[in-house]
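# Residue-level structural notes
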Amino acid sequence: DEGGYAYKLATITIIAEDTPVVLGVEPVRDERKWEDDDDIHQTSRADVVQRLLDQASRHVDIHKVFLDRGFSSKEVRDVIDRRGMLYVLGKPTRANIEKEHIKDIKDDEYYDSRLALITHEYDGREQDNT
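Residues numbered from 1 in each chain as written. Predicted model: local features only at pLDDT ≥ 70, side-chain atom pairs only at ≥ 80, totals over all residues. Heavy atoms only, no water.

### Considering the pairing of strand β2 (residues 19–28)
As paired elements, strand β1 (residues 8–16) and β2 share nine bridges and run antiparallel to each other. When the sheet's bridge partners are listed, A10 is paired in β2 with E26. Taking the residues that link successive antiparallel strands as the turn, the β1-β2 hairpin has two residues, and the phi of E17 there is positive, at about 50°. (Pairing = 2+ DSSP bridges. Helix = DSSP H or I, 4+ residues; strand = E, 2+ residues; numbered from the N terminus.)

### Topic: the nonpolar core
V49, L53, V65, L67 and I80 are the most contacted members of the largest nonpolar core, which has 20 residues in total. Within the residue set of this core, elements represented by two or more residues are β1, β2, α1 (45–57), β3 (64–67), α2 (74–82) and β4 (86–89). When residues in this core are grouped by element, the largest group, six residues, is from α1. Setting aside its immediate chain neighbours within four residues, L53 contacts I12, I62, V65, V79, I80, R83 and M85. (Core = buried A, V, L, I, M, F, W, Y, C linked by side-chain atoms within 4.5 Å. Buried < 20%, exposed > 50% of the residue type's maximum accessible area, 1.4 Å probe, protein only. Contact = heavy atoms within 4.5 Å.)

### Things to note about the pattern of salt bridges
For the coordinates displayed, the defined rule picks out three salt bridges. A salt bridge links R82 to D78, with the shortest nitrogen-to-oxygen separation between them at 2.9 Å. You can see R82 and its partner D78 sitting in helix α2, four residues apart, about one turn around the helix. (Salt bridge = Lys/Arg side-chain N within 4 Å of Asp/Glu carboxyl O.)

### Observations concerning the environment of D123
Structurally, the position occupied by D123 is in the loop between β5 (118–122) and β6 (125–129). Separated by 49 residues in the primary sequence, D123 and K74 have C-alpha atoms spaced 9.3 Å apart.

### Brief notes about the packing of aromatic side chains
On inspection of all chains with the given rule, the structure shows zero aromatic pairs. Here R45 stacks its cationic end above the ring of F71, 5.9 Å away from the centre of that ring. (Phe/Tyr/Trp six-rings, centres within 6.5 Å; stacked < 30°, edge-to-face > 60°. Lys NZ or Arg CZ within 6 Å of the ring centre and 35° of its normal.)

### Some points on the packing of α1 against α2
If you want to describe how two helices pack, look at the angle between their axes and the distance between the axes. Two elements in contact, α1 and α2, have axes separated by 8 Å at closest approach and are oriented at 25°. In terms of orientation, α1 and α2 fall into the roughly parallel class. Between α1 and α2 lies a crossing whose hand is right-handed. Contact residues: α1 offers R45, A46, V49, Q50 and L53, while α2 offers E75, V76, V79 and I80. Class assignment of the residues belonging to the contact of α1 with α2 gives a composition of six nonpolar, one polar and two charged. (Axes fitted to C-alpha atoms, helices over the stretch in contact; angles between N-to-C directions. Parallel < 35°, antiparallel > 145°, perpendicular 65-115°, else oblique. Left-handed = near helix turned anticlockwise from the far one by under 90°. Nonpolar A, V, L, I, M, F, W, Y, C, P; charged D, E, K, R; others polar.)

Limitation: the analysis is restricted to geometry and does not speak to function.
Structure (structure tokens):
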């Protein structure tokens, strides 16, 4: 509704026999128009992912993590990399896409996709991403 309040929750869920099972829930705080600027404490996405992985790891072994684009950050990648897990991360809508790669793909008569190796650095550690 107009003028209503909204809150976000991040969840970690497994799918077992086509049934989702929620293993953890964490609040996600962002800037809100109805709060005073001094009271705004934005939630670190890396902290949220760390807590969710800690909660879920108590119940299951985690090998691969799927994240939506709202969690695309070097800090989040670092949290998952330090645990040795694989992850799939949605590309942010405002992310820069290399126009040269797009042109090469469109011009190629055989290939309609490409994997590009990129490296991120966070806190002195390098992360290779495809």
